[in-house]
Amino acid sequence: MKLFYNKNSKDPIYYAQQGIRNGTKTTTRNVRKFGKHSELLKITDDPLAYVKEELRKMNEEYRVGKVDFAISADFNERVKHSSDTASSSNWLNIGYFFLQAFLGKLRLQDFFREKTDGRRITFDCYTIHRFLTYARILDPLSKYAIWHKLDSYYEKPGFDYQHILRFMDLLEENYDDYLAWLYRQSNTIVKRDTSVLYYDCTNFYFECEQEDEDIVDEVTGEVMKGLRQYGRCKEHRPNPIVEMGLFMDSQGIPITMCLHPGSTSEQLTAVPLEKEVLKMLPDTKFICCADAGLGSYNIRKFNSMGGRAFIVTQSVKKLSDTLKKAVFNDYGYRLLSDNSPITIRDMKTFDRHEKDNLGLYNDHAYKVIAADKVMDLGLYEDVALKNGRTVQRKAKGTLKQRIIITFSRKMMEYQRTIRNRQIERAKKLLSMKDPEEIKKGPNDVKRFMKRISKTKSGEKAEVEYILDESKIAEEEKYDGYYAVATNLSDPAKDILDVSRKRYQIEDCFRIMKTSFDGRPVNHRLPERIKAHFLICFTALPVYRLMEVKLDEQKTHVTVNDLITTLKNMNVANIHDIEYMALYNGSKALDALTQLTLLPLDRIHYRPKELNGIIKKILK
């Protein structure tokens, strides 16, 4: 602050004047009136020296963050008129500063500088990428809506909507390199644990009525399927879908992803993406863990080579008759907790309401069954025949694997409770006596209905439906059983502990779909659709990295609490002198402040302070 007065006046008025720089805007404001020269003579012999001393004290207080401002308000003043069709808020979000603190460590500015070197690009790729990622976490909307709301962020970036589309094209061009870069740089933030990699697939449906047409390469003549295709979807929606495959490490942080047409079998996606992972993790031995839908023979075979291993969920119902006999043979079972012998009969009949049996109720019985399988090695060997001739035949090998069978009383009762409810619903449907409306599904209550036909000689058959007791009894046999196939020789408890972490990859999909609103996808071109999911994917490791670092300092923050906190961290510009916080403190804010050391837990901010913070984290 500096002293301002009219030196030509006989009785000047002394002011404390504050110079203000807010972004590119520079101005000055009189923040305190000391009074007229004649008035100050009543309290001091030298008004000018008195005012300078007061100003020195104000500057000292301002440097330590404390100052009093005299602000005048005209309650008749109206808001500034604009030509906008609707009024907008003047609040500015600064919560994204915390996101940038992690996004900056991924060094994506260097990546885009490398990819655009020598190209005539008139927009800043990194700036567009930053705000698309922020918006995907804080306020997921269409790209056009995001562009319209750019002025709600403190920096107020200035790029056009067309620049967003051009950037998305560039991002898709560097699809594989971008994913590899993200993994390498994330390894500098958190030491990635790639001893176990989890893989799963999910679908994203599109609000369109026709699937994409096949594309024919004009040079090679290769026919490539359109990206949006009809396929099997858990929601049973009659819409085209796109399939996403995701690899995740042991900490729940994504490694890479792939996109396929919705009609692609998920079992065909695992091995190609795993080969890409091997390029990112050369000479790395890991365990591939997946659910039953991704436990095909080819996937197990691929992960039986190169020092890799597999742990996949195995359907007990789909085991061979020989292995089923071993499962239901009530011999050789042990408790998972202490490895003591136990029988399934005892597990089913003990009184779970007894306090002493609580530990047993939460425990599991397990059995390990050898289930080696002959496999084609893809090689040929010379075989000598009895007549002396030598012929080449395909070499056969053995796929070493074990099936770990577990039984849980708690799971058995849960499954039977669900089935009993389904049976009651099936009985209600039977009371409708409308055979044409009854169609069976693999997981539908109608699977418990059986169609029978009664006829007399020469008469028309009468069709009716009854409850299929044999079907119910067959399903009850498998209640409480769970199986995992592996080629590891580790203790069953350790293998099952690894398999239980598969929920984290489902959590990744939930966050991407629900918290980050991965759909609806407001794009038609395959390149833009891929770029959209790359941005969604980027938001996921940013959050997961923050989550891991927060957990390390024992201050866990859920994704909902994090998004709510960052979204509500808005400030208001007070006469260009300061920014006032419009949010309250919280445990989430305390944790983020402790982690990043960014002083964003204050009520008042000077413009140069916020400018300094964003400048620091953008380096």
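Our structure is the block above this text.
Attention in this report is confined to the structure presented alongside it. Everything numeric in this text was worked out from a predicted model, so none of it was measured.

Cut-offs and rules
- Residues numbered from 1 in each chain as written.
- Predicted model: local features only at pLDDT ≥ 70, side-chain atom pairs only at ≥ 80, totals over all residues.
- Heavy atoms only, no water.
- Core = buried A, V, L, I, M, F, W, Y, C linked by side-chain atoms within 4.5 Å.
- Buried < 20%, exposed > 50% of the residue type's maximum accessible area, 1.4 Å probe, protein only.
- Helix = DSSP H or I, 4+ residues; strand = E, 2+ residues; numbered from the N terminus.
- Contact = heavy atoms within 4.5 Å.
- Polar contact = N/O pair within 3.5 Å; in protein donor to acceptor, adjacent residues only side chain to side chain.
- Salt bridge = Lys/Arg side-chain N within 4 Å of Asp/Glu carboxyl O.

**Regarding the nonpolar core**
Okay, step 1: Ranked by size, the top nonpolar core spans 110 residues in total, and within it Ile-94, Phe-97, Leu-108, Phe-112, Met-257 and Leu-600 carry the most contacts.
Okay, step 2: With 15 residues, the single largest contributor to this core is helix H18 (residues 526–552).
Okay, step 3: Residues within four places of Ile-94 in sequence aside, it is in contact with Tyr-154, Met-569, Val-571, Tyr-583, Leu-600, Tyr-605 and Leu-610.
Okay, step 4: Core analysis: the next-biggest nonpolar cluster, separate from the first, contains 43 residues, Ile-255, Val-316, Leu-335 and Ala-483 among them.

**So, the environment of Gly-307**
Okay, step 1: Among the secondary structure elements, Gly-307 is positioned in the loop between helix H10 (297–302) and strand S11 (309–314).
Okay, step 2: With 67 residues separating them along the chain, Gly-307 and Pro-240 place their C-alpha atoms 39 Å apart.

**Overview of the side chain of Asp-249**
Okay, step 1: Within the secondary structure layout, Asp-249 lies in the loop between strand S8 (241–248) and strand S9 (254–261).
Okay, step 2: At a separation of 2.9 Å, a polar atom in the side chain of Asp-249 contacts the main-chain amide nitrogen of Gln-251.
Okay, step 3: If we skip the residues at most four places from it in the chain, Asp-249 touches Arg-192, Asp-193, Val-196, Leu-197, Tyr-198 and Ile-255.

**Considerations on the pattern of salt bridges**
Okay, step 1: Using the criterion set out here, one finds 32 salt bridges in the structure.
Okay, step 2: Notably, a salt bridge pairs Asp-212 with Arg-228, separated by 3.0 Å at the nearest N-O pair. Separated by 16 residues along the polypeptide, Asp-212 in the loop between strand S5 (196–205) and strand S6 (215–216) and Arg-228 in the loop between strand S7 (223–224) and S8 bring together distant segments of the chain.
Okay, step 3: A residue is classified by how much of its surface remains accessible, and Asp-212, at 15% relative accessible area, is buried.
Okay, step 4: Between Arg-510 and Asp-507 there is a salt bridge, with its nearest N and O atoms 2.8 Å apart. Note that Arg-510 and Asp-507 are positioned in helix H17 (residues 503–515) at a spacing of 3 residues, about one turn of the helix.
Okay, step 5: Using a relative accessible area of 37% as the deciding quantity, one classes Arg-510 as partly exposed.
Okay, step 6: Among the charged side chains, a salt-bridge network with shared partners connects Arg-416, Arg-419, Glu-475 and Asp-479.

**Details of unusual backbone geometry**
Okay, step 1: With an omega dihedral of 10°, the bond running from Arg-519 to Pro-520 counts as a cis peptide bond.
Okay, step 2: Along the chain, Pro-520 falls in the loop between H17 and H18.
Okay, step 3: At Asp-283, a residue that is not glycine, the phi angle is positive and equals roughly 60°.
Okay, step 4: Using a relative accessible area of 82% as the deciding quantity, one classes Asp-283 as exposed.

In short, geometric facts, not functional conclusions.
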